[in-house]
Amino acid sequence: MSALAFGAIVAVAIGMWGYFSLHDQAILNRLPPTEREEILRLRTQPQGNEERLWSLIRQHYAVEQFVPGLSNPDWLIVGALAVCELPFLVLFGVLASRTLSRQFGQVARSARRVAGGDFRVRATVHGAPPREMVELTGDFNDMAAKLEQYERELSESSAMLAHELRTPLNAAMGRVQGMLDDVFPRDMAQLALVHRQLAQINRLVGDLHLLSLARAGQLRLAHEPFSLSELVRERVSWLEVAMKEAGVLATTSFGGDLTLHGDRDRVGQVLLVLMENVVRHAAMGGVLEIRATAVDRSVELVVADRGSGVADEELPRLLDRFWRADQSRSRDSGGSGLGLAIAEAICRAHAGTLVLAPREGGGLRAVVTLPKRFNG
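What counts as what
- Residues numbered from 1 in each chain as written.
- Predicted model: local features only at pLDDT ≥ 70, side-chain atom pairs only at ≥ 80, totals over all residues.
- Heavy atoms only, no water.
- Helix = DSSP H or I, 4+ residues; strand = E, 2+ residues; numbered from the N terminus.
- Areas by Shrake-Rupley, 256 points an atom, 1.4 Å probe, with all protein chains shown as cover.
- Buried < 20%, exposed > 50% of the residue type's maximum accessible area, 1.4 Å probe, protein only.
- Arc of directions from axis to C-beta.
- Contact = heavy atoms within 4.5 Å.
- Core = buried A, V, L, I, M, F, W, Y, C linked by side-chain atoms within 4.5 Å.
- Pairing = 2+ DSSP bridges.
- Axes fitted to C-alpha atoms, helices over the stretch in contact; angles between N-to-C directions.
- Parallel < 35°, antiparallel > 145°, perpendicular 65-115°, else oblique.
- Left-handed = near helix turned anticlockwise from the far one by under 90°.
- Nonpolar A, V, L, I, M, F, W, Y, C, P; charged D, E, K, R; others polar.
- Salt bridge = Lys/Arg side-chain N within 4 Å of Asp/Glu carboxyl O.
- Expected span 1.5 Å × (residues − 1).

**Q** So what exactly am I meant to see when it comes to the overall build of the protein chain here?
**A** Per the secondary structure count, the protein chain includes 10 helices and 7 strands. Carbon and sulfur atoms provide 59% of the accessible area of the protein chain, an area that totals close to 22,400 Å².

**Q** Can you help me understand helix α7 (residues 228-238) in this one?
**A** For α7, every residue scored as buried is listed here: L228, S229, L231, V232, R235 and V236. Here the buried residues of α7 occupy an arc of 160° about the axis, which is enough to place them on one side.

**Q** Even after reading the chapter, I still don't get the side chain of H350, so can you show me in this structure?
**A** You can see H350 is positioned in the loop between α10 (339-349) and β6 (353-358). The residues touching H350, leaving out its near neighbours within four places in the chain, are L221, G262, D263, R266, V267, L370, P371 and F374.

**Q** I keep staring at the nonpolar core and nothing clicks. Help me out?
**A** Nonpolar side chains tend to gather and get buried jointly when the protein is soluble and globular. Counting 53 residues, the largest nonpolar core has L228, L274, L288, I290, L354, L356 and V368 as the members making the most contacts within it. Mapped by element, the contributors of at least two residues to this core are α6 (188-215), α7, α9 (264-281), β4 (287-295), β5 (298-305), α10, β6 and β7 (364-371). With 9 residues, α9 is the single largest residue contributor to this core. Ignoring any residue separated from it by four or fewer positions in sequence, one finds L274 in contact with V303, L340, L354, A366 and V368.

**Q** Explanation requested: the environment of M143 in the structure shown.
**A** Within the secondary structure layout, M143 lies in helix α5 (residues 131-180). M143 gets classed as partly exposed once you look at its relative accessible area, which sits at 40%. Residues M143 and R122, spaced 21 residues apart in sequence, show a C-alpha to C-alpha distance of 9.7 Å.

**Q** Help me understand the sheet that holds strand β2 (residues 249-255) in this model?
**A** Neighbouring strands of a sheet are bound in pairs by backbone hydrogen bonds; such pairs are parallel or else antiparallel. Pairing is mixed in the open sheet, where 5 strands are placed in the order β2-β4-β5-β7-β6. Every other strand in the sheet has two partners, leaving β2 and β6 as the edge strands with one partner each. Each adjacent strand pair in this sheet contributes to an overall mean axis angle of 15°, direction not counted. One ladder, built from 6 bridges, connects β6 with β7; its direction is antiparallel.

**Q** So what exactly am I meant to see when it comes to the packing of α7 against α9 here?
**A** The relative placement of two packed helices is expressed as an angle between their axes plus a distance between the axes. Orientation of α7 relative to α9, taken along the N-to-C sense of each, is 50°, at an axis distance of 10 Å. Taken together, the axes of α7 and α9 are oblique relative to one another. Classified by chirality, the crossing of α9 by α7 is right-handed. Residues L228, E230, L231, V232, E234, R235, V236 and W238 of α7 touch α9, and the partners they reach there are R264, D265, V267, G268, Q269, L271, L272 and M275. For the contact of α7 with α9, a count of residues per class yields 9 nonpolar, 2 polar and 5 charged.

**Q** Sorry, what's going on with the pattern of salt bridges here?
**A** Side chains that differ in charge, positive against negative, can pair when their charged atoms come close. A complete count under the given rule lists 12 salt bridges for this structure. For the salt bridge of K146 with E344, the shortest nitrogen-to-oxygen distance reads 3.9 Å. Remark: E344 occurs in helix α10 and K146 occurs in helix α5; sequence separation between them is 198 residues. Accessibility expressed as a relative area gives 12% for E344, which makes it buried. Note that E344 is salt-bridged to R348, the shortest N-O span being 3.0 Å. Linking E344 with R348, this pair stays in helix α10, spanning 4 residues, or about one helical turn.

**Q** How do you make sense of the environment of G337 when you look at a structure like this?
**A** By secondary structure assignment, the location of G337 is in the loop between β5 and α10. Using a relative accessible area of 16% as the deciding quantity, one classes G337 as buried. Sequence spacing of G337 and E164 is 173 residues, and the spatial spacing of their C-alpha atoms is 9.5 Å.

**Q** Looking at this structure, I do not really get α6. What am I missing?
**A** Side chains three or four residues apart in an α-helix point the same way, a direct result of the helix having 3.6 residues per turn. With 28 residues, α6 extends 40 Å from end C-alpha to end C-alpha; this agrees with the ideal 40 Å at 1.5 Å per step. Within the sequence span of α6, burial applies to Q190, V194, I201, L204, D207, L208, L210, L211 and A214. Where α6 terminates, the next one or two residues include G217, which has phi positive at roughly 70°.

Next up, the structure:
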């Protein structure tokens, strides 16, 4: 639209310039050669020759051309040019806005389907719309994808949650009932078993609470400087025994300034989730590679393994609550299915991202990107 407006102004200006040039040339052509040459000469050097120049102009030019107001015939020319340009403006305006209107229509139709409960719909980009419309379409698709994920989690998590809570709760209640019925002895060993079951329930409830806070934007984070390389070494040492038992060898590499301002414990929790995921599900690869690199104003933390990996169609669901792949992420391996969802929520709370992708040569690659400072 701005280009059309600018083009219309330029066209009117060129038209008026042409009109003035032709009209002036027509007047000069009617003059005697001596007067015509005199006027042209005086125009080049008007200073000091004003009276003679004005005399010739009054003699040969119409006075209406120098009178301001609508009586000036120049306004008729402006109006005629505008009328002649109007069809072209309408035509080019329709052509220019066609792509924009088609894109708006596509987004509007998709929005109506989302409002009707179809969260699988995605808007497509038609032609070459403005960059803002492309970004709007992308943002709409991201919103629809999130709504689809939330709907899927809502429909599945109720049964999953009941299962995850019922198993340890029934075990604890059965153990207590056995002690009451004198089936099990009432000693510290039995109480320790019950305590572990209740601790598992408490941990699951705490994880769900953390996810709820994160999605509501109310997850409180500490703001303190810490070294990511030191944090990685610390968390690797925490899992040293488990990795040794699983036959996993951890390698680390660091590059650049890895000082972050954020919640050290929460970032460490993300790292533990990713590392435990490798130990629990990808130990057959025997390798856990951790690489941290400074990139401009952010840091990139990569945790990679050489396990069996995950099928491409299952990758988008790895961050869903309670979801585990049937083969490489089985329930027999342990875990509640909330770890990756928690890790992704903590990254988002730090204005960062967590991306999972297949690794070339086999295995899974988790990439965490965090700003060195964030306003949270």
